[in-house]
Amino acid sequence: MAGSFDPGKPLRLGSVDTFLMEDAFWQDKMGKPVANRDFLRALLQYGSFESFRFHCSDERHMARLREELEQLAGADGCRRVKLSLQADLLRSLGEDPEEILHQGDFTYHMPHLMELRNRLALPVCVSGVTHSLDGAWMQTRFIQLLLAGPKPFDSIVCTSDCAKRLLEEAFQSIRDGFAISFGASLPAPPRLARIPLGLSEEAFETSDRGRCRLELGIPAGHFVMLSLARFSPRHKMDLAPILETVQWLKAGGHLPSFTLVLAGSGREPDLDLVREMVSILDLRQEVRIEGNISRERKMALFGAADVFLSPVDNYQETFGVTIIEAMSQGLPVVASDFSGYRELVAHGRTGFLIPATASESGTPWNALMGLLDASSVRFHQAQKISLDLQALSQAITALAANPRLRMEMGLRARARSLRYHWKAIIPLYEDLWTEQRERSLRERRPDMQPPAAAPLLIPSQERLFGHFPTRRLRESDTLRLSPYGRVRCREGFRPILYEDLRPLLDDHRREFLLRLLHERDWTLKEIVEAARSEFSCSKDAVMHELDWLMKHGYLSCIETAS
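Everything quoted here is computed from the prediction, not taken from an experiment.

Visitor: I'm lost on the pattern of salt bridges in this one. Help?
Guide: Following the criterion strictly, the structure yields 39 salt bridges and no others. In this structure, the salt-bridge partner of R275 is D272, at a minimum N-O distance of 2.6 Å. With R275 and D272 both in helix α10 (residues 268-280), this residue pair falls three residues apart, about one helical turn. Judged by its relative accessible area of 36%, R275 is partly exposed. A relative accessible area of 40% places D272 in the partly exposed class. Note that D507 and R494 form a salt bridge whose closest N and O atoms lie 3.7 Å from each other. Linking D507 in helix α20 (residues 507-519) with R494 in the loop between α19 (483-491) and α20, this pair joins segments that are 13 residues apart in sequence. Residue class for R494 comes out exposed when judged on its relative accessible area of 59%. A single salt-bridge network, built from bridges that share partners, covers R494, D507, R509, R510 and E545.

Visitor: I would appreciate a short explanation of the environment of A356 in the present structure.
Guide: Tracing the chain through its elements places A356 in strand β13 (residues 351-358). Since its relative accessible area comes to 28%, A356 is described here as partly exposed. Measuring from C-alpha to C-alpha, the distance between A356 and A541 comes to 58 Å, with 185 residues separating the pair along the chain. Contact partners of A356, with chain neighbours within four places excluded, come to D337, F338, I385, S386 and L387.

Visitor: Mind showing me how you'd approach the sheet that holds strand β9 (residues 258-264) here?
Guide: Through backbone hydrogen bonds, the strands of a sheet pair up, either in parallel or in antiparallel fashion. Strand order in this open sheet of seven strands is β10-β9-β8-β11-β12-β13-β14, and the pairing throughout is mixed. Strand pairing shows two members of the sheet lacking a second neighbour, β10 (287-291) and β14 (385-387), which therefore form its edges. Taking the axes of each pair of neighbouring strands and ignoring which way they run, one obtains an average angle of 25° across the sheet. Of the strand pairs in this sheet, strand β8 (residues 223-228) and β9 are connected by six bridges, and their pairing is parallel. Counted as the bridge partner of V224 is T259 from β9. Against the sheet, α10 touches β9 and β10, its axis set at about 175° to β10.

Conventions and cut-offs
Residues numbered from 1 in each chain as written. Predicted model: local features only at pLDDT ≥ 70, side-chain atom pairs only at ≥ 80, totals over all residues. Heavy atoms only, no water. Salt bridge = Lys/Arg side-chain N within 4 Å of Asp/Glu carboxyl O. Helix = DSSP H or I, 4+ residues; strand = E, 2+ residues; numbered from the N terminus. Buried < 20%, exposed > 50% of the residue type's maximum accessible area, 1.4 Å probe, protein only. Contact = heavy atoms within 4.5 Å. Pairing = 2+ DSSP bridges. Axes fitted to C-alpha atoms, helices over the stretch in contact; angles between N-to-C directions.

Spatial relationships are all this shows, so hold off on functional conclusions.
So, in structure tokens, the structure goes:
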């Protein structure tokens, strides 16, 4: 029950996030869904939790998650996993709540989970992870989170110091703004904890360079540069200045024979744009474009490369999984001195950081944020970020000319990458969650009550939509079995039952209610109390049955006069 958590026991985790992306095309091609799925697999593999319950949106998502979990962890890894529907969340949290509700992105379900937790007065801790944090819509999510009433035992897992600093500034700015504009005091945000993303065991498996180059058709003696990212100047980085720099180095004779591999994900228009730039710069012989590659192909490209390039210029970046993947493969990294990237690359030791300069003016794009399409704003904001192309040229030529430097930096990069193994990351999560649980128990009071004020994030259906239907059932109304319902019962007819409703309905409860209504009429209050006494269930459970019977014409209502 709600007050029976034992701090000495393993954690009981839950989530209303399946950690999977609805659009299957991007599931293996974007940073967040890939990182979330890898986190899920690592949690099942290395976690010491007691159980993990996923509250899925519907039966289709439940089936997909079950299949995905079996692929990720096998039957043994899934033995502690339970699946249920979000529609049953209120009952499950009320009767048997998890201690931690963790989300793969803190900006989606986390505010509503906190508000629900507060309404139920449960000692449940809520946590979530940061990913991209830019855009006007994200500011709205930050405001929602504060309005939801976070507790000191809630937390946001920041994957980088960059993300943590951004959230500190954002939350304080919102709280200051509310105080100045409305004279209102907003609660403090959840705890901001710093835990990076990680890599799985397979990411550290290296391949023979000669074999990879032979497999890919890359000459053995070429200097090979690899960039792996989403092909989009709106969402990742502008490749034009980088290609122009490579073209300039080639024309000046500053590079040995080389191959630049541009790999990653993208729709055909994005790939066509890069092909056009390569053609304009006459780099078709030196540049290879590898779009929407498999994991096996990606590992072969890492194996064939000498250096990794990640000159990002987009504010949506707060961490670089591809950077630590490259480091785990023993590659020196040339990356922007930008966002979370500077936390990953040790300048001069594991690679080079290229200075980035932001324009003095952010207008009009900052002012139009929230009005323009988010990807358009990202593009125009990124056009006001410039990299030091002279420093980029020097870094590339230094690495191209010095195989020993590449080897030494690569060895140090691989050693540094070991701290990002999921085996080392998952215990950090469990330490955080354990602290959260212990604090929630310390702050739990026997007289803890739900807040008196109505929720701010969830509209009152009765208040807003009460005038939509002809009438609304009241406890004093009388229910009776309709003539149609009596005939259908004698026929043994079974109405259509949707898959998503099956977990909410129970044949025994429904038969019990029909037997009672065969005998006589009942007020709504009387029949709910009788069913609850018989089955030790909630009022909501009984109402699911009654509403379904009403929906299919089995019951009629005699409205009590006002």
